Amino acid sequence: MIYMAANETALLSVTATGSIHEATWVRDSKKLLQLKDKHVKYYENKVRCRCKIFPNGTLQIQQVVKEDSGKYTVTVYEPDGKLKAEEHTVFIVQERVPQPVLTAECRNKTVSVKCEVKQKTKDEMFTIELTQDKIKKIQKNATKLEMHVRNSGTFRCVVKNQVSEKMAEEVIKCSGRLDLYLILSIAGGAIFFVIFVILLIYCIRKKKAERLEDDDEEGMMRGHQVNSEMVVRELPQAPCNPTPKQLRVQQRPLPQPQVQQQALPPRPRPRTQQRTPNHPRERP
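Reading the values: rules and limits
Residues numbered from 1 in each chain as written. Predicted model: local features only at pLDDT ≥ 70, side-chain atom pairs only at ≥ 80, totals over all residues. Heavy atoms only, no water. Buried < 20%, exposed > 50% of the residue type's maximum accessible area, 1.4 Å probe, protein only. Helix = DSSP H or I, 4+ residues; strand = E, 2+ residues; numbered from the N terminus. Pairing = 2+ DSSP bridges. Polar contact = N/O pair within 3.5 Å; in protein donor to acceptor, adjacent residues only side chain to side chain. Contact = heavy atoms within 4.5 Å.

### A closer look at the pairing of strand β12 (residues 126-132)
Phase 1 of the analysis: In terms of burial, β12 is largely enclosed, as 7 of its 7 residues are buried.
Phase 2 of the analysis: Alternating residues of β12 divide into F126, I128, L130 and Q132 and T127, E129 and T131, and every residue in both groups is buried.
Phase 3 of the analysis: With 6 bridges joining them, β12 and strand β13 (residues 135-142) adopt antiparallel strand pairing. The residue of β13 that forms the bridge with E129 is I138.
Phase 4 of the analysis: Here β12 folds back onto β13, and the loop between the two strands holds 2 residues, one of which, D133, carries a positive phi near 60 degrees.

Take a look at the structure:
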């Protein structure tokens, strides 16, 4: 089995010794090309194949891609047509692994470290190794790996496949972060408690104000009711069918007030005055 990174040049050789008279290369039962008497015959488009054969029977594939993966078979014949050798090779093309990303989070006095690598295609899988001092964790056919430890330190993440390998390393300390998280938690709890107390006081005052308004409205309603009763209340009316005694009382005339007239004394008569005779005046 041969692994090759994409975009590289692959060489598939023939182990048979001696000169090669005739050699034919086949990939997954599909003929690619043939060498016979130093002449090359292509069964597939030469540009698409990106391949050629050397005089010793070695097959070269340039700028390999994942579609070039498969089972390759070469058959070697003698000049008399006798089979000299038949060899099989499994050829696999893989993409180079991308750079891993190492992240850490401090919570509950523990360190949570995650190593993750992004896939170019869905079928890509990698081997991930995450280490911290003497602690080592390995996961095959994965794209991410997590580790939970109690001690800070240097963490190393290695991502690899059969053709490439990448590493990320980081020193992680969580003492300060843990204190910060604790402070933030306490501050958040205090703020929540203050808000709760304010809301409680507001609700109590609101209920009290509503109760006072209800009492005032009830007092006003009672006052209006009393006034209405006083207005509506009247003197007792006479019964519709009075008794004979009541009729006699009603028909009896009311006593008139007697005004005693006192006799006035007679007015004095005016005195008659005697007129004096008018004598004629004497002339001087």
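### Topic: the side chain of Q34
Phase 1 of the analysis: As for its position among the elements, Q34 is in strand β4 (residues 30-36).
Phase 2 of the analysis: We classify Q34 as buried; its relative accessible area is 13%.
Phase 3 of the analysis: Within polar-contact distance, the side chain of Q34 engages the side chain of T24 at 3.2 Å.
Phase 4 of the analysis: Separated by 3.4 Å, the side chains of Q34 and Y43 make a polar contact.
Phase 5 of the analysis: Once residues lying within four places of it in the same chain are set aside, the contact partners of Q34 are E22, A23, T24, H39, V40, K41 and Y43.

It is worth stressing that arrangement in space is one thing and function is another; only the former is reported here.
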